[in-house]
Amino acid sequence: MAKDALMDFDKALELFEPVLGFEVHVELNTQTKMFSSAGNPANSANHDAAPNTLVAPVDMGLPGSLPVVNETAVRYSISLGLALGCSIAPSSRFARKNYFYPDLGKNYQISQYDEPIAFEGSVEIELKGGDTIVVPIERAHMEEDAGKLTHMGGSTGRIQGAEYSLVDYNRAGVPLVEIVTKPIFGTEHRAPEVAKAYVAAIRDIVRSLGISEARMERGNLRCDANVSLRPRGQEKLGTRTETKNVNSMRSVERAVRYEIQRQAAILAGGGTITQETRHWHEDTGRTSPGRPKSDADDYRYFPEPDLLPVEPSEELIAELRAGLPEAPSVYRRRLKTDWGFTDLEFQDVANGGLLAEVEATIAAGATPASARKWWTGEITRLANAQGTEPAALVTPESVAELQKLVDAGTLTDKLARQVLEGVIAGEGSPQEVVDARGLAVVSDDGALIAAIDDALAAQPDVLAKIQDGKVQAAGAVIGAVMKAMKGQADAARVRELILERAGQS
Amino acid sequence: MSEITPDLVRHLGVLARIQLSDEEVERLTGQLDAIVDNIAKVSEVATPEVAATSHPIPLSNVFRSDVPGDMLSLDEVLQNAPDAADGRFRVTAILGEEQ
Amino acid sequence: MSDILKLTAADLAAKLRSGEVSSVEATQAHLDRIAAVDGDVHAFLHVSDHAVDVAADIDRRRAAGEELGELAGVPLAIKDVLVTTDMPSTSGSKILEGYMSPYDATVVARARAAGLVPLGKTNMDEFAMGSSTEHSAYGPTHNPWDLDRIPGGSGGGSAAAVAAFEAPLALGSDTGGSIRQPAHVTGTVGMKPTYGGVSRYGAIALASSLDQVGPVSRTVLDSALLHDVIGGHDPHDATSLTDAWPSFAAAAREGATGDVLKGLKVGVIRELDDTGFQKGVSESFRASLAAMEAAGAEIVEVSAPHFEYGVAAYYLILPAEASSNLAKFDSVRFGMRVNVPGGTVEDVMAATRDAGFGDEVKRRVILGTYALSAGYYDAYYGSAQKVRTLIQRDFDEAFAQVDVIATPSAPTTAFRLGEKLNDPIQMYLNDVTTIPVNLAGVPGISIPSGLAAEDGLPVGIQFVAPAREDARLYRVGAALEALLVDSWGGPILDRAPILGGAR
Ligand SMILES: [Mg+2]
Ligand SMILES: [Zn+2]
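Please read these numbers as outputs of a predicted model, since none were measured by experiment.

**Q** Lay out the coordination of the zinc ion (ligand 2) in plain terms, naming residues and giving numbers.
**A** All names here are of chain A. Every protein donor of the zinc ion (ligand 2) is listed here as H25 (NE2), E143 (OE) and E178 (OE), and their distances to the metal cover 1.9 to 2.1 Å. Linear spacing of the donor residues for the zinc ion (ligand 2) on their chain is H-x117-E-x34-E. A gap of 4.0 Å separates the zinc ion (ligand 2) and the magnesium ion (ligand 1). With a gap of 153 residues between them, H25 in strand β1 (residues 16-27) and E178 in strand β10 (residues 175-181) connect regions that are remote in the sequence. Here H25 and E178 have matching classes, each one buried.

**Q** Go over the sheet that holds strand β6 (residues 212-217) of chain C, please, and point to the residues and values.
**A** Residues and elements named next belong to chain C. The sheet built from 11 strands is open, its strands ordered β1-β3-β2-β4-β6-β5-β10-β11-β9-β7-β8 with mixed pairing. At either margin of the open sheet sits one strand with a lone partner, and together these are β1 (44-47) and β8 (298-302). Looking at each pair of strands side by side, their axes are set apart by 30° on average, direction ignored. Here helix α8 (residues 220-230) sits on the sheet in contact with β2 (75-79), β4 (169-174), β5 (189-192), β6 and β10 (444-451), set at roughly 145° to β6.

**Q** Just give me the short version of the interface of chain C and chain B, but keep the residues and values in it.
**A** Taken together, the contacts link 67 residues of chain C with 56 residues of chain B. When chain C packs against chain B, the two sides together hide about 5,100 Å² of surface, and 66% of this comes from carbon and sulfur. Three residues stand out in chain C for area buried against chain B, namely I366, Y370 and K386 of chain C, and they jointly supply 13% of the buried area on that side. On inspection of chain C and its partner chain B, the count reaches four salt bridges. Residue E346 of chain C pairs with R17 of chain B through a salt bridge whose shortest N-O separation is 3.4 Å. Our count for the contact surface shared by chain C and chain B stands at 21 residue pairs in polar contact (both at pLDDT 80 or more). Only α11 (310-325), α12 (345-356), α13 (359-372), α14 (378-399), α15 (424-428) and α16 (435-440) of chain C provide two or more residues apiece to the side of chain C that touches chain B. In the side of chain C that touches chain B, the residues fall into 35 nonpolar, 19 polar and 13 charged.

**Q** Describe the UniProt feature "domain: Amidase" (unreviewed entry) in chain C, with residues and values.
**A** Mapped onto the present numbering, the UniProt feature "domain: Amidase" (unreviewed entry) falls at residues 25-473 of chain C. The distance separating the terminal C-alpha atoms of residues 25-473 of chain C is 33 Å; by composition the span is 37% helix and 14% strand.

**Q** Which residues make up unusual backbone geometry, and what values go with them?
**A** The omega torsion across G153 of chain C and S154 of chain C is 5°, close enough to zero to call that bond cis. Relative to the elements of secondary structure, S154 of chain C occurs in the loop between β3 (117-122) and α6 (156-163). With a phi angle near 50°, E188 of chain A is a residue other than glycine that sits in the positive phi range. Take E188 of chain A: it is sitting in the loop between β10 and α3 (191-209). A positive phi is found at R17 of chain B, a non-glycine position, where the angle reads about 55°. Looking at the secondary structure, you find R17 of chain B in the loop between α1 (6-15) and α2 (22-39). Judged by its relative accessible area of 15%, R17 of chain B falls in the buried class.

**Q** An account of the sheet that holds strand β4 (residues 95-98) of chain A is requested, with residue identities and associated values reported.
**A** Taken in spatial order, the three strands make up an open sheet running β5-β4-β15 (chain A), and their pairing is antiparallel. The open sheet has two edge strands, β5 (108-111) and β15 (302-303) of chain A, and neither has a second partner. In this structure, β4 of chain A lies alongside β15 of chain A, joined through two bridges in antiparallel fashion. Residue R96 of chain A lies in a different strand from β15 of chain A, and its bridge partner there is F302 of chain A. Its contacts with the sheet put α11 of chain C on β4, β5 and β15 of chain A, and the angle it makes with β4 of chain A is roughly 65°.

**Q** I'd like a description of the packing of helix α9 (residues 248-255) of chain C against helix α17 (residues 470-488) of chain C, backed by residues and values.
**A** Helices that pack against each other are described as a pair by the angle of their axes relative to one another and the distance between those axes. All names here are of chain C. Interhelical geometry of α9 versus α17 gives an angle of 35° and a closest axis separation of 7 Å. The two elements α9 and α17 meet at a crossing, and its hand is right-handed. From α9, F248, A251, A252, E254 and G255 reach across to α17, where they touch D470, A471, Y474, R475, A478 and A479. Here the contact of α9 with α17 is composed, by residue class, of seven nonpolar, one polar and three charged.

What counts and what doesn't
Residues numbered from 1 in each chain as written. Chains lettered and ligands numbered in written order. Predicted model: local features only at pLDDT ≥ 70, side-chain atom pairs only at ≥ 80, totals over all residues. Heavy atoms only, no water. Donors = N, O, S within 2.8 Å, 3.2 Å for Na, K, Ca; no water. Helix = DSSP H or I, 4+ residues; strand = E, 2+ residues; numbered from the N terminus. Buried < 20%, exposed > 50% of the residue type's maximum accessible area, 1.4 Å probe, protein only. Pairing = 2+ DSSP bridges. Axes fitted to C-alpha atoms, helices over the stretch in contact; angles between N-to-C directions. Contact = heavy atoms within 4.5 Å. Buried area = accessible area lost by both parts, 1.4 Å probe. Salt bridge = Lys/Arg side-chain N within 4 Å of Asp/Glu carboxyl O. Polar contact = N/O pair within 3.5 Å; in protein donor to acceptor, adjacent residues only side chain to side chain. Nonpolar A, V, L, I, M, F, W, Y, C, P; charged D, E, K, R; others polar. UniProt positions renumbered as here; feature names shortened; annotations may be inferred. Left-handed = near helix turned anticlockwise from the far one by under 90°.

Rendered as structure tokens:
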């Protein structure tokens, strides 16, 4: 694959105005699927299901099977529509989107076409520095997910060159809401940041509604990012690309930045942008062309004859509206006050998409400051290194437990970081990792004194300095003692004991 | 006359995933042309003020409660599979070799 | 031929209840009959190898004093469009050869629960696309009245099985006439219920907004008895009606007294004049009307100006929905797979669908794909859906004036096998009187009205009622049936040639 030419980002923004658009698919966490009563793999109760064990006849398109709509999925969809500030259609309909693909049991997807359940809304998102931007929502519609294909042989896992593929229909029929924005103008240099913040905002909304587990690494939330550029001063929109398979918020940010740089280089060189879907590659940080849009995209939509219109009553809409949690912007203001964070501290959490994690960690018993420190610090660093989301690494409960061990003096900060790594590596809960790795702080003064005496004996000049009243010289011995104790000592206690042994306290 | 051409029929064959032979394309072109000529008259009376009927007996809000049931066993899922491996359906490559 | 075979389902059920006949005897008699005549008729694609065991179980339960359904122990033939767990379900297609469903169609499950004994699966046009059963991938069914002629379609197997006394009852499906037109050409009774009156769950879909499962029998009462078993709300079918239905058998029994004809307003459609109908069909139809008039009915001319667009609308809606419904036959999860050496899964799908589908299926799938394509949707599918509205309005206006509408069930008597096979448009016109009924979702029944003078073949009369008035059709149908059988001196099938008589 030839490497794309990229224009410097700032230069690209000088010449072109970026216009964004997003399609976010949210997997609902209902008990059962959108159109069948098979268990829903997007519900935590079914995470460990073996392939093809969450399948009802309609999920695999068995002859004679029929879909029936899940009422809870409809309620969730309406709630989401309301939370997005949308109008709820008095009458909406399902339609068939016809295309052949082995992961699609019926070879059509039941979706909504010209009559979505929710339309015309907006989401306010907050950027670094406290600026807000309003993202206009065109529609949110109900549909079903497809099954999962695994490509085998050749360069395994890649569709190109695979010898065969295996199909699992567990995910087929998982309830989805697809949220489609209108074109988003005026993001300018902040386009990549807007992209990330938008996805974070959607994630926060669906989490606060409790309608999805919203784990991007599990595919509960998937973003297709549309990017187009137009020369400064031009009215007409440029040709857009749709980048699919963007499965973390950080990747959304990077993919948008990449597409801006790539398209700018092409346009500035006198080239044209091909309207196409592109694939995001987490490993290389690049996008590559997928299928060009063609007349094979003739989906032959028509009203789904097996299903009837959804006509929510005023009462139902009012009931669901009354049950909405506070709007994320209100929620943020409340958290900021409750937690006592500075603007900068709070934005660190919010922009990292970590509000829910910090909130849950505090709920599990940690102080706001320590919860923030863990999530925006070490956990984010590790997640970036692994190319994943912080939330994918560790649960808020584990973080709170870890901090409790620190507060109890069982762990130093440094030891706690080692324990965190153990937890992430799947070695168990923090306490289990402490026990298994023997990482607890040595609180037995006898062992420490023995190590201190050895160290002082090895460095008589230092001992002399301390005894001379130059207590800061103790630092040189602390390092040696900590090393001897393999780090499992409390440095403050070591210092106290050194001074004691040197006769300075 | 309608606009059914052999190229259109071939394209429809691609959309419908039916490998039509040249002989079939030719035969279908003629037959579809005649059929379309006969059925195109629906547009004569389908004026804008007439609503479309997609369900003969109007109903709405037919839902199922969110309770698990109706699941097939893995054996039942795979019982008619032309080819299977590792509890999954096996199909030949999705795409050809990389060009 | 065993006397058991000649019994109506209602009479057989009575003898089963009284213990005069056992279900094993009745089932074996029908299996013997199938063995004797089905080589000629070819009504069955599969004959159950355990029907006698099922019958024996019913006999045991009856002997043990268990409360059984009215039709318990009566044999039943099942159209192959309905999926069954104990017999293959192919819908008449090679692409589903040997397919075993992990679940039963709702109507099959209900029939089993009521104690009916499935005898086998009946032949049909592939995926129910046809009016002659010549489009079956497994060879045509022959009309018991004349083995060189078609038994109608798509449910020619079910109608022929009943007409040939291979089964007293059968299940059919009717998308544009597939129950009623075969009834017409075989001298039997067939009912297309109100859309949503009988579950479609487990009926391999042809055109979802038109398909309806219904009973096939030799008498109106028998259809009503079977309808009582299979009808009613099914949560597995979102389009299933939640109505509480009256007993159709009670309606048929009440109708048989003939009182219903007094003052009954019977509509005849002005636009369906005699042109286009075979002379003997028109004559039989007129004679039936005259008989009803003589019994006190009033014949009223009504207008249905949009019926002439019905066939056109149907041949847009059906192929469009079918092209989508049949997409699932792709070689991935079930059914035929044609391997393409070095080919992609797309190549395999396309080759399989080429080899697995017959000409008529391909024709309609391609036509439906065209009708739904970008740029054509509004002109074709969209317009056809509007024609449905217009036809519903025609019916509404007619039913404001009359209680039922009567038409000939089809334009001609059974034509010869092969006669229209290569002329799809002529074939499609077979369903001119039955199609509007499906488009509007209203119920329709075909009962024998007599034999055409010129060829001695059966003719049917169709009655149509407003939506949800299925009981009215059983009442009226039973009333006319009683009059006609009386005038003939016995059931019409008494005049059919004897099949396998020597055997
Ligand atoms: Mg999309
Ligand atoms: Zn979607």
